[in-house]
Amino acid sequence: MKRYTVAVAIILMLSVLLCGGCAMVLSLNLSSLFWVPLAVWVGLVLVSLFVLMRFRWVCTGWVQRISRKLSPLNRSSMDNFPLPLLLADENGLVLFTNKLFNTKVMGGAAPTIDTPLEDLFDAVSFDEIVVNMAANLSRNDRRYTVYASALRGDQGKQYLLYLTDDTELKLISDEYEASRPVVMQICIDNLVEATERLRSGDRSRIAGTIETMLEDWITADGGVLQKYDNDRFIAVTEHRYLAAMMEQRFPILNRVRQSFPEVDGNITISIGVAEGETVEDGRRKAWRALDMALGRGGDQAAVQIEKGYEFYGGRSGGVERRSRVRARLMADDLLQQITDCDRVFV
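Keep in mind that what you see is a predicted model, and the values were worked out from it rather than measured.

Caption draft 1: The arrangement of the overall build of the chain in detail. On a plain count of helices and strands, the chain comes out with 12 helices and 11 strands. A buried classification covers 36% of the 346 residues belonging to the chain. Sequence separation of at least 24 residues holds for 54% of the intrachain contacts in the chain that already meet a minimum separation of 6. Per element, the accessible surface of the chain, about 20900 Å² overall, is 56% carbon and sulfur.

Caption draft 2: Expanded view of a nonpolar patch on the surface. Taken together, the side chains of Leu 334, Ile 338, Val 344 and Val 346 define a hydrophobic patch exposed on the protein surface, amounting to about 440 Å² of accessible area. Mapped onto the elements of the fold, Val 344 is located in the segment after α12 (324-340).

Caption draft 3: Broad picture of the sheet that holds strand β11 (residues 308-313). Pairing is mixed in the open sheet, where six strands are placed in the order β7-β8-β6-β9-β10-β11. Across the chains shown, the open sheet's two edge strands, defined by having one partner strand only, are β7 (224-229) and β11. Mean inter-strand twist for the sheet, computed between neighbouring axes without regard to direction, equals 20°. Sitting on the sheet, helix α11 (residues 279-295) is in contact with β6 (181-188), β7, β8 (232-238), β9 (269-275), β10 (300-305) and β11, with an inclination near 140° to β9.

Caption draft 4: Region of the structure containing unusual backbone geometry. Of note, Ala 123 is a non-glycine position whose phi angle comes to about 50°, a positive value. Looking at the element boundaries, Ala 123 is found in the loop between α4 (99-105) and α5 (126-132).

Caption draft 5: Structural context of the environment of Thr 115. Structurally, Thr 115 can be placed in the loop between α4 and α5. Here Thr 115 falls in the buried class, since its relative accessible area comes to 16%. In this structure, the C-alpha to C-alpha distance between Thr 115 and Val 94, residues 21 residues apart in sequence, is 5.3 Å. What Thr 115 contacts, discounting residues up to four positions off in sequence, is Gly 92, Leu 93, Val 94 and Leu 120.

Caption draft 6: A look at the packing of aromatic side chains. This structure, assessed with the given rule, holds seven aromatic pairs. Ring geometry for Phe 250 versus Tyr 312: centroids 5.6 Å apart, planes at 50°, classification tilted. With a gap of 62 residues between them, Phe 250 in the loop between α9 (242-247) and α10 (252-257) and Tyr 312 in strand β11 connect regions that are remote in the sequence. A relative accessible area of 0% places Phe 250 in the buried class. Between Tyr 309 and Phe 311 the ring centres are 6.3 Å apart and the planes differ by 35°, which places this aromatic pair in the tilted class. Overall, the relative accessible area of 24% leaves Phe 311 in the partly exposed class.

Caption draft 7: Quick look at the confidence of the model for the chain. Chain-level statistics for the chain give a pLDDT mean of 80 and a share of 72% at 70 or above. Across residues 59-64, confidence stays below pLDDT 50; counting only partners more than four residues off in sequence or on other chains, it has five contacts.

Caption draft 8: Structural view of helix α6 (residues 167-178). In this model, α6 (12 residues) spans 16 Å end to end at C-alpha, consistent with the 16 Å of a helix rising 1.5 Å per residue. Looking only at α6, the buried set comprises Thr 167, Lys 170 and Ala 178. Down the axis of α6, the buried side of the element spans an arc of 75°, and every buried residue falls inside it. Turned more than 90 degrees away from the buried face of α6 sit Leu 169 and Ile 172, all of them exposed.

Conventions adopted
Residues numbered from 1 in each chain as written. Predicted model: local features only at pLDDT ≥ 70, side-chain atom pairs only at ≥ 80, totals over all residues. Heavy atoms only, no water. Helix = DSSP H or I, 4+ residues; strand = E, 2+ residues; numbered from the N terminus. Buried < 20%, exposed > 50% of the residue type's maximum accessible area, 1.4 Å probe, protein only. Contact = heavy atoms within 4.5 Å. Areas by Shrake-Rupley, 256 points an atom, 1.4 Å probe, with all protein chains shown as cover. Patch = residues over 30% accessible without salt bridge, like charges linked within 9 Å, V, L, I, M, F, W, Y side chains within 5 Å. Salt bridge = Lys/Arg side-chain N within 4 Å of Asp/Glu carboxyl O. Pairing = 2+ DSSP bridges. Axes fitted to C-alpha atoms, helices over the stretch in contact; angles between N-to-C directions. Phe/Tyr/Trp six-rings, centres within 6.5 Å; stacked < 30°, edge-to-face > 60°. pLDDT = per-residue confidence, 0-100. Expected span 1.5 Å × (residues − 1). Arc of directions from axis to C-beta.

Here you go:
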C-alpha cells in the first residue's frame, strides 16, 4: 500500500512541477502577468495535495474494512498455518491468503483483495466447494484438494479454504485407472461356413491372415492376443486405449469383413469387451458381452458399461450361432441379470 501511495504522490508532484515550470517560462516575457501562472501553480499544488490525502484515506478505510472482517480470527495463526489457506466471503471473493498460499500456490505474488476465486484456479466452481465442502482444483499444472470450513462473523458468512498439493498422488491414481486391464473375447463368426468350399490350404491362409490382423490391431497399443481355439481369441489391453477404440467404432470389424472377397458372403468377427475387478472377472464379463454380440447377429463389438452394453458395427446380414454352449451362456447371463436386480417381474 505504501508503494502505491508513494507512486501516486510522485506522479502528482511531477505533473504539478511540470505545469508550473511551463507557466513560469511562458511568463518571462510577460512580467506583468507573472502572478497569474503563479496563482495557477499554487492552485495545482493544493489540488494535488487534496487528491493525495483523499487517496490515502480511501486506502486506509479499505484496509481497515478487511481487518474488521478478519477480526474473529487470529491473523497470526492463519498466516503461519502449515497449509496454504485462503479466506473468502460468501460470494467467493478473496479476503485473505497466508504465506504458504502466496508462495506455494501463487508463486510468490499474493492475489489482490476481492479477486474472484475462479480467476485463481482452472475450471473451479465456488458453489461446488460450498455445497460439497471439498473439491479438486488445479493451477499451473499443479493439482490440489481443497477443504472448506464455514464461518459466521459480524460481516456475514465466510469460508476458510485449506489446500493440499496432491499432484503426485493424483497422477498415480490417473495412471492406475488408465492402466486397468480391459479384456476382449474375440470370435470369428462364420469361418467354417464361409470357407467350407475352399481348399484346406486356403482355409488355413484366411485363418492366419485374420489372426495377424487381430494381433497387429491389439499390439499396436501394447496389448496382447492369445488364440485358444480355431476361431476364438482372448486379448488384454489397457483402459487408456478403450476410448479411442470406441470412438473409432472398432475399425477391425470393417477391415476383416472387406478382406476376403473370394469367399461366399463375408467373414466377420464379433468382440466382447469388459473391465473387471480382476483379469478373471473381466474375462467372464467379456464372455457375456461376446454372447450379447452374437445374439444380435454377430459382426459387431459389445462393450459392457455400467448400465448395460454399447454396441458397435453390425453391418452385415448377421450370423446366428445356436448351440448348447450358447444356450447355457444365455441362461447364465439371464441368471446374472436377475441376481443383480432388486425386483423381477415375470
